[in-house]
Amino acid sequence: MRITTRRLLGAAALLALCTTGLLGGTASASPGAPLDAGDDRATAVGGNVDIGQPGDACDVVGLPGDELTMPAGTFTVEGVNITVTAHPEGYVLTGVVVKGGNAYNVYDAADLGDLAWEDLHAPLNASGKPAGISHWFVCAEQDDSVTTTTTAPTTTTTTVTTTTEATPTTTTTTTDSVAVTPTSTSTPAAAPGTDNEGNLANTGFDGGWLLIVGLALVAAGAAFVASPKLRSLLRR
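Note that the structure is predicted; figures quoted are calculated from it, not measured. Every chain begins its residue count from 1, and numbering advances along the sequence as written. Selection of residues for local features in this predicted model requires a pLDDT of at least 70, selection of side-chain atom pairs for listing and counting requires 80 or more, and totals for whole chains, interfaces and linings are taken over all residues. In computing side-chain values, all of the structure's heavy atoms are included and hydrogens and water are not.

Novice: If you had to explain the sheet that holds strand β8 (residues 135–142) to someone new, which residues and values would you point to?
Specialist: Paired strands, in this sense, are two strands between which DSSP finds at least two bridges. A run of DSSP states H or I qualifies as a helix once it reaches four residues; a run of E qualifies as a strand once it reaches two. Both are numbered from the N-terminal end. An order of β1-β6-β5-β8-β2 is seen for the 5 strands of this open sheet, with the pairing classed as antiparallel. A single partner strand is all that each edge strand has here, and the edge strands are β1 (42–46) and β2 (66–68). Taken over all neighbouring pairs, the strand axes of this sheet differ in orientation by 30 degrees on average, direction set aside. To obtain each axis, a line is fitted to C-alpha atoms, and for helices this fit is confined to the stretch in contact; angles are then taken between N-to-C directions over 0 to 180 degrees.

Written as structure tokens, this is what we have:
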């Protein structure tokens, strides 16, 4: 009975050791399993890398340049495959990083040749197929052969002149002038105490007595003509 118990205890211990060994072997083998890029042009790396993480993502993966996201019209995505068809304007691509599952593929431009770069994908998963794409980015350097010319904006001023009348002109005329000596006419002042009405000149001669004599002669003549006796007396 004791022998049977010992045998059972020994068998149980051996089974436990085997089980622990198997589990330990499995656990240690899983992390060390080799990654498969699934593409001779790529290198598979475990872990994660992305734009915005601490440090430059291109430095982390060993590609020169700066990380960029590709602008529309320079690539296409079909399922798990990416095709890059053009460089971003002003840049030269140095490589592509495609992340999927627990690893990412690093594509160096030197291994890809001329564009287009077709069927870029993440490393293979347990099924032996490329993992679904979680994110991807490119590394690029500025293209020194591309010269960017900046033209300063120009301002064009258009002046519209509307003429409604003839343009006025100034004419200067020089006229010789003859000096004319002014003349003045003086009217003698009327003697004090005399009436100078009728614009008759006052000569200072008083002819009132002549008027009386004249009247007397006229009266005598009239009497002579009218009286016959006076005529007869005068004839004697």
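There is more to say, and it comes next.
Novice: Kindly report on the confidence of the model for the protein chain, identifying the contributing residues and their values.
Specialist: Values of pLDDT, the confidence the predictor places in each residue, fall between 0 and 100. When the pLDDT values of the protein chain are averaged, the result is 73; 53% of them are 70 or greater. Any two residues having at least one pair of non-hydrogen atoms within 4.5 Å are treated as being in contact. Contacts for the low-pLDDT stretch residues 183–203, under 50 throughout, to residues beyond four places or in other chains number 3 contacts.

Novice: An account of the nonpolar core is requested, with residue identities and associated values reported.
Specialist: Buried Ala, Val, Leu, Ile, Met, Phe, Trp, Tyr and Cys residues form a nonpolar core when they are joined through side-chain atoms within 4.5 Å. In this scheme, a residue with accessible area under 20% of its type's maximum is buried, one over 50% is exposed, and one in between is partly exposed, where area comes from a 1.4 Å probe on protein chains only. Ranked by internal contacts, the top residues of the largest apolar core, which has 18 residues, are V84, V96, V98, W117, L120 and W136. Elements that contribute at least two residues to this core include exactly β4 (81–84), β5 (91–100), α3 (109–112), β7 (117–120) and β8. In this structure L120 touches R41, V80, N81, I82, V84, V96, V98, Y107 and L112, once residues within four positions along its chain are discounted. Counting 10 residues, the second-largest nonpolar core is a separate cluster that includes A57, V106, F137 and C139.

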